[in-house]
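Read off the chains here:
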2 protein chains.
Amino acid sequence: MTSPANILRSQLEEEIITGLLKENTRLDEVSLAERFGVSRTPVREALIQLTTAGLVVKRPHKGNFVAEVGPTLLIEMFDVMGEYEAMAARLAARRASKEDIEKIREAHLDCTDAVLSGDTDDYYYKNEKFHKTILTAAHNSFLEEQSGILHRRLKAFRRLQLRTRGRMQSSFDEHNEVVKAIEAGDAQKASNEMRKHVVVQGERFADLLATISQRNAEKLIHAAKE
Amino acid sequence: MTSPANILRSQLEEEIITGLLKENTRLDEVSLAERFGVSRTPVREALIQLTTAGLVVKRPHKGNFVAEVGPTLLIEMFDVMGEYEAMAARLAARRASKEDIEKIREAHLDCTDAVLSGDTDDYYYKNEKFHKTILTAAHNSFLEEQSGILHRRLKAFRRLQLRTRGRMQSSFDEHNEVVKAIEAGDAQKASNEMRKHVVVQGERFADLLATISQRNAEKLIHAAKE
DNA sequence: ATATAATTTATTGTATACAACTTCATTGAC
DNA sequence: GTCAATGAAGTTGTATACAATAAATTATAT
């Protein structure tokens with residue numbers, strides 16, 4: 001599990017996700033091998049894994065490149081992420097045990113401190129925990145896994161969002177609605193509130209785009225209105 | 001794209017999905033290499049890809065095994081599949097163009113022939129096309145991709161379901177409800193109808209389980225009732 | 001001088017050789 | 001006779017060597 005190839009994979013994954021390795025950067029096998037002090041074989045294995053994960057694109061006999069996450073794809077991914085979370089909320093509303101609900105309530109309350117102190121980093125973690133708690137309460141490990149994969153991929157963009165002024169308070173308020181719906185066992189409402197909460201829209205959408213490509217922002221704000 | 005490694009991957013994938021290679025079957029690298037007339041390297045590459053896809057599990061220094069799809073996981077996957085399709089229907093209800101709706105209507109009508117002739121194989125293909133049309137109308141290529149991956153993985157189980165008596169007619173009726181909702185632009189209803197349509201429940205659920213393990217069927221019917 | 005073709009260089013894709021680890025069997029001791 | 005320990009065999013993980021393909025540069029012809 002902690003073989004050189006796996007370390008390599010997670011390391012590269014991290015660098016791509018955080019944006020340290022920029023889009024379309026060529027990932028030369030020999031250079032990477034030298035850098036990590038291994039042969040090309042484990043490097044190739046790591047690259048293959050990242051390719052199937054969608055983080056790297058292989059052009060036959062041309063090389064491996066960091067996959068570009070265009071604005072369109074990014075929005076699409078956020079939409080799907082919203083659906084994962086909405087599904088979790090819906091299932092949680094139906095399936096959550098007393099203990100599950102207690103944990104959700106707890107995680108929700110924990111967020112209060114971060115909101116009051118205005119600590120966005122703190123809120124980021126507590127927010128993550130809140131969402132994770134609901135995913136667990138959905139009792140669908142496959143959903144949890146898929147959601148986790150996408151979540152990691154969106155990590156870099158997600159974090160930026162919370163920095164927006166007033167976002168933390170409104171995020172907390174939205175959590176509140178979700179919790180109420182789950183407690184009431186209202187699957188439909190829990191689902192809808194959660195989707196609204198996660199999905200990027202309006203001005204937040206424009207902010208997000210600005211973090212990727214300044215140039216293409218305008219024409220895509222239009223598209224966002226649908 | 002059609003390199004030896006890729007041919008190998010799709011071939012193995014097919015054999016695992018169709019059940020030709022049973023669960024927990026050991027995938028010996030040298031044997032596979034001999035069988036396909038290549039060296040171990042491309043075999044390993046294919047196995048890595050299948051591992052990240054979740055079809056194969058690697059136990060370090062022990063070997064590669066066909067991942068087992070237990071009843072629980074299978075239900076979970078069907079649930080997520082239902083959510084993908086529900087999302088597609090929801091988005092289609094909001095975003096579908098006149099041409100999109102026309103294509104959906106067309107695909108739906110095409111199913112009529114199969115229902116009347118009672119040809120389950122024919123219906124299988126036309127049903128697939130119907131669902132694909134809605135996915136396209138959702139205008140989210142990432143969703144389309146994710147859905148496609150899971151769809152292929154569930155292929156073997158899905159096909160069996162249609163054989164159930166009367167399932168074709170009720171499936172068609174459910175399609176009808178979905179189409180109506182999309183045409184009316186009722187996102188909520190389109191979504192819910194589609195989810196109900198796809199998700200496995202009730203007796204169909206028991207039928208499905210029987211195809212995997214006869215033994216574990218009973219105790220899981222209980223779980224299905226939630 | 002420019003365009004095209006050929007050769008060279010660099011990089012990916014595959015094969016083979018070697019090392020590390022795990023498992024099974026055999027041998028020895030209690 | 002049984003359990004444990006050591007060794008042998010087999011399999012995965014890694015390194016290196018070789019082949020194939022594509023890009024770049026240079027040389028030649030128009």
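Quick caveat, the model's predicted, so the values are computed rather than measured.

Caption draft 1: Just the interface of chain A and chain B, in detail. Contacts between the two partners involve 30 residues from chain A, matched on the other side by 30 residues from chain B. Buried surface at the junction of chain A and chain B, both sides included, amounts to about 2700 Å², of which 49% is carbon and sulfur. A salt bridge links B:Arg95 to A:Asp79; the shortest N-O distance between them is 3.0 Å. Here chain A is connected to chain B by 14 residue pairs in polar contact (both at pLDDT 80 or more). For the side of chain A that touches chain B, the secondary structure elements donating two or more residues are α3 (40–53), α4 (71–95), α7 (141–162) and α9 (187–198) of chain A. The element contributing the most residues to the side of chain A that touches chain B is α4(A), with 11 residues. A class-by-class count of the residues in the side of chain A that touches chain B yields 11 nonpolar, eight polar and 11 charged.

Caption draft 2: Spatial organisation of the relation of the copies chain A and chain B. With an axial shift of 0.0 Å and an RMSD of 0.1 Å, the rotation relating chain A to chain B amounts to 180°. These values place the two chain copies in the arrangement generated by a two-fold rotation axis. The residues that chain A uses at the interface reappear at the interface of chain B in 100% of cases, marking a shared surface.

Caption draft 3: A look at the packing of aromatic side chains. Residues and elements named next belong to chain A. As enumerated under the stated definition, the model contains three aromatic pairs over all chains in all. Ring geometry for Tyr124 against Tyr125: centres 5.6 Å apart, planes inclined by 80°, an arrangement best described as edge-to-face. Its end group placed over the ring of Phe65, Arg59 keeps NZ or CZ at 4.4 Å from the ring centre.

Caption draft 4: Local environment of the nonpolar core. Residues A:Ile134, B:Ile134 and B:Leu143 are the most contacted members of the largest nonpolar core, which totals 76 residues. Not counting the four nearest positions on each side in its chain, B:Ile134 is found in contact with B:Ala88, B:Ala89, B:Ala92, B:Ile104, B:Val178, B:Ile182 and B:Met194.

Caption draft 5: Structural view of the pairing of strand β3 (residues 63–66) of chain B. All names here are of chain B. Burial along β3 is two-sided: Gly63 and Phe65 facing one way and Asn64 and Val66 facing the other are all buried. As defined by bridge partners, strand β1 (residues 26–27) adjoins β3 across two bridges and the pair is classed as antiparallel. Bridged to Arg26 within β3 is Phe65. As judged from the four bridges shared by strand β2 (residues 56–59) and β3, these two strands associate in the antiparallel manner. Bridging from a neighbouring strand, Lys58 pairs with Asn64 of β3. Hairpin remark: β2 followed by β3, antiparallel, with three residues in the connecting loop; positive phi at His61, about 60°.

Caption draft 6: Just the sheet that holds β2(B), in detail. Read across the open sheet, the three strands follow the order β1-β3-β2 (chain B); overall the sheet is antiparallel. Two strands lie at the open edges of the sheet, namely β1 and β2 of chain B, each paired on one side alone.

Caption draft 7: Highlighting the side chain of A:Ser191. The residue A:Ser191 is located in helix α9 in this model. If we ignore the near neighbours within four places in the chain, the residues touching A:Ser191 are A:Ala86, A:Ala89 and A:Arg90.

Caption draft 8: Main features of the packing of helix α8 (residues 167–184) of chain B against helix α9 (residues 187–198) of chain B. All names here are of chain B. Contact geometry of α8 with α9 gives a least axis separation of 8 Å together with a crossing angle of 165°. Considering their axes alone, α8 and α9 lie roughly antiparallel with respect to each other. The handedness of the crossing between α8 and α9 comes out as left-handed. Contact with α8, carried on its side by Arg167, Ser171, Glu174, His175, Glu177, Val178, Ala181 and Ile182, involves Lys189, Ala190, Glu193, Met194 and His197 of α9 and no other residues of that element. Taken together, the residues of the contact of α8 with α9 sort by class into five nonpolar, three polar and five charged.

Caption draft 9: Structural view of the environment of B:Ser191. Classification of B:Ser191 by relative accessible area gives buried; the value is 2%. Spatially, the C-alpha atoms of B:Ser191 and B:Gly82 are 9.5 Å apart, while their sequence positions differ by 109 residues.

The rules behind the values
- Residues numbered from 1 in each chain as written.
- Chains lettered and ligands numbered in written order.
- Predicted model: local features only at pLDDT ≥ 70, side-chain atom pairs only at ≥ 80, totals over all residues.
- Heavy atoms only, no water.
- Contact = heavy atoms within 4.5 Å.
- Buried area = accessible area lost by both parts, 1.4 Å probe.
- Salt bridge = Lys/Arg side-chain N within 4 Å of Asp/Glu carboxyl O.
- Polar contact = N/O pair within 3.5 Å; in protein donor to acceptor, adjacent residues only side chain to side chain.
- Helix = DSSP H or I, 4+ residues; strand = E, 2+ residues; numbered from the N terminus.
- Nonpolar A, V, L, I, M, F, W, Y, C, P; charged D, E, K, R; others polar.
- Least-squares fit on C-alpha atoms with pLDDT ≥ 70 in both.
- Phe/Tyr/Trp six-rings, centres within 6.5 Å; stacked < 30°, edge-to-face > 60°.
- Lys NZ or Arg CZ within 6 Å of the ring centre and 35° of its normal.
- Core = buried A, V, L, I, M, F, W, Y, C linked by side-chain atoms within 4.5 Å.
- Buried < 20%, exposed > 50% of the residue type's maximum accessible area, 1.4 Å probe, protein only.
- Pairing = 2+ DSSP bridges.
- Axes fitted to C-alpha atoms, helices over the stretch in contact; angles between N-to-C directions.
- Parallel < 35°, antiparallel > 145°, perpendicular 65-115°, else oblique.
- Left-handed = near helix turned anticlockwise from the far one by under 90°.

Honestly, that's just the spatial picture; any functional story needs more than this.
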